[in-house]
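# Understanding the architecture of this molecule
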Amino acid sequence: MKWSLLFAALLPALVLADESRELVGQVGSRSALMVLHATQRADGGYQLSGEYIVLPTLARRFLEGERSPELGVTTLKEGNTAILYGRPATGELRGTWHGGMFKGMRYGPGGQERERFELSEEFPPLDGYSASVRCDVAEGRYQSNLVLSVDSGKLKPGSFEWRAKVGPSGHTCVLRGLEQQPFKGGLRFASGRCSVTLREAGEFVRVAAENCTAQCGSEAYLEPLIVDPRGRCQLLHQEPK
């Protein structure tokens, strides 16, 4: 995903293909990560769909809605399933998306004001981030093991390894030998096309891999992780118990 692109609705005359945007911020008093997929309409506005995840509970809400072509007025219906049409909403986000900021009010199913939200496309730097992570997590058929050591924003040589295994096939992913690259709004480690990105979300850090299929068996994958301040991990898309 091309995080360096400006969101096209700020420039209605510019025509772009479908793209995704990632945001971080607060929904009420809680930290949240949001991903939205945008499809441009003929009038220059956008149809939007996606989700946001609240930390640390990992409560997940699916979204669909639209954004106006000029003022960035954005309305997103919120629900518990990926297909929201014909299903009851759990709430609605109404606000403006302008200059890389999406902010406004979250409303309940009956239209009552619930809490304010503010999310940004710009993630905080991790130049001062230090952590020693060694964690194992599992959910159903999926297992993941991450070893990582960072000191003041620098990856310690030879300290990174990320393994995943998917049953019952036993197919695995193994990432090691990645080198740090310059990256704005987080940390990035890479080997060839495969990269791992760390980005801050409140007190937490999200760890996600991209373009790493060559390092995985045909049925294996690397599910993004959330690392807490103590170095403990959770699967980002784990359904809360």
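Okay, so let's go over this structure. For clarity, every value in this text was computed on a predicted model and none was experimentally measured.

### Digging into the overall build of the chain
On a plain count of helices and strands, the chain comes out with zero helices and 19 strands. Taking 241 residues into account, the globule formula puts the C-alpha radius of gyration at 18 Å, and the chain, at 19 Å, falls close to it. Over its C-alpha atoms, taken along the principal directions, the chain stretches across nearly 50 × 40 × 35 Å. Each of the 241 residues in the chain was classed as buried or not, and the buried ones make up 47%. Accessible surface, the chain: about 12500 Å² in total, of which carbon and sulfur atoms supply 51%. Side-chain charges of the chain comprise 29 positive and 28 negative groups, with the mean position of each set lying 3 Å from the other.

### Comments concerning the environment of Gln234
As for its placement among the helices and strands, Gln234 is situated in strand S19 (residues 233–235). In the structure, Gln234 is positioned 104 residues away from Ser130 in sequence and 19 Å away in space, judged by C-alpha atoms. If near-sequence neighbours (up to four positions away) are discounted, Gln234 is found in contact with Pro56, Leu58, Val137, Pro224, Leu225 and Ile226.

### A short note on the sheet that holds strand S2 (residues 30–40)
Taken in spatial order, the eight strands close into a barrel running S1-S2-S3-S4-S5-S6-S7-S8, and their pairing is antiparallel. In this sheet, neighbouring strand axes are inclined to one another by 30° on average, regardless of whether the strands run parallel or antiparallel. Summarising the sheet, strand S3 (residues 46–55) and strand S4 (residues 59–67) pair through nine bridges and their orientation is antiparallel. Opposite Leu48, over in S4, you have Gly65 as the bridge partner.

### Remarks on the state of the cysteines
Between two cysteines, a covalent bond joining their sulfur atoms is known as a disulfide. According to the stated counting rule, one finds three disulfides in the structure shown. Paired by a disulfide, Cys173 and Cys216 hold their sulfur atoms 2.0 Å apart. On the S-S bond that ties Cys173 to Cys216, the torsion sits near 115°, and the link is right-handed. Note that Cys173 is positioned in strand S13 (residues 171–176) and Cys216 in the loop between strand S17 (204–210) and strand S18 (225–227), a separation of 43 residues in sequence. For the residue pair Cys173 and Cys216, the accessibility class agrees, reading buried in each case. In the chain, numbering the disulfide-bonded cysteines from first to last in sequence yields the connectivity 1-6, 2-5, 3-4.

### Quick notes on the pattern of salt bridges
Enumeration according to the criterion identifies 15 salt bridges in this entry. For Glu78, the salt bridge goes to Arg61, with nearest N and O atoms at 3.8 Å. Of this pair, Glu78 sits in strand S5 (residues 73–79) while Arg61 sits in strand S4, and the two are 17 residues apart along the sequence. On the basis of relative accessibility, which here comes to 0%, the residue Glu78 falls in the buried class. Between Asp228 and Arg232 there is a salt bridge, with the nearest N and O atoms lying 2.8 Å from each other. The exposure class of Asp228 is buried, given its relative accessible area of 15%. When its relative accessible area of 48% is taken as the criterion, Arg232 is described as partly exposed. Taken together, the shared-partner salt bridges in this structure form one network comprising Arg30, Arg61, Glu78, Arg106 and Glu115.

Conventions we followed
- Residues numbered from 1 in each chain as written.
- Predicted model: local features only at pLDDT ≥ 70, side-chain atom pairs only at ≥ 80, totals over all residues.
- Heavy atoms only, no water.
- Helix = DSSP H or I, 4+ residues; strand = E, 2+ residues; numbered from the N terminus.
- Rg over C-alpha atoms; globule rule 2.2 N^0.38 Å.
- Buried < 20%, exposed > 50% of the residue type's maximum accessible area, 1.4 Å probe, protein only.
- Areas by Shrake-Rupley, 256 points an atom, 1.4 Å probe, with all protein chains shown as cover.
- Lys, Arg positive; Asp, Glu negative; His and termini not counted.
- Charge placed at Lys NZ, Arg CZ, Asp CG, Glu CD.
- Contact = heavy atoms within 4.5 Å.
- Pairing = 2+ DSSP bridges.
- Axes fitted to C-alpha atoms, helices over the stretch in contact; angles between N-to-C directions.
- Disulfide = S-S within 2.5 Å.
- Salt bridge = Lys/Arg side-chain N within 4 Å of Asp/Glu carboxyl O.

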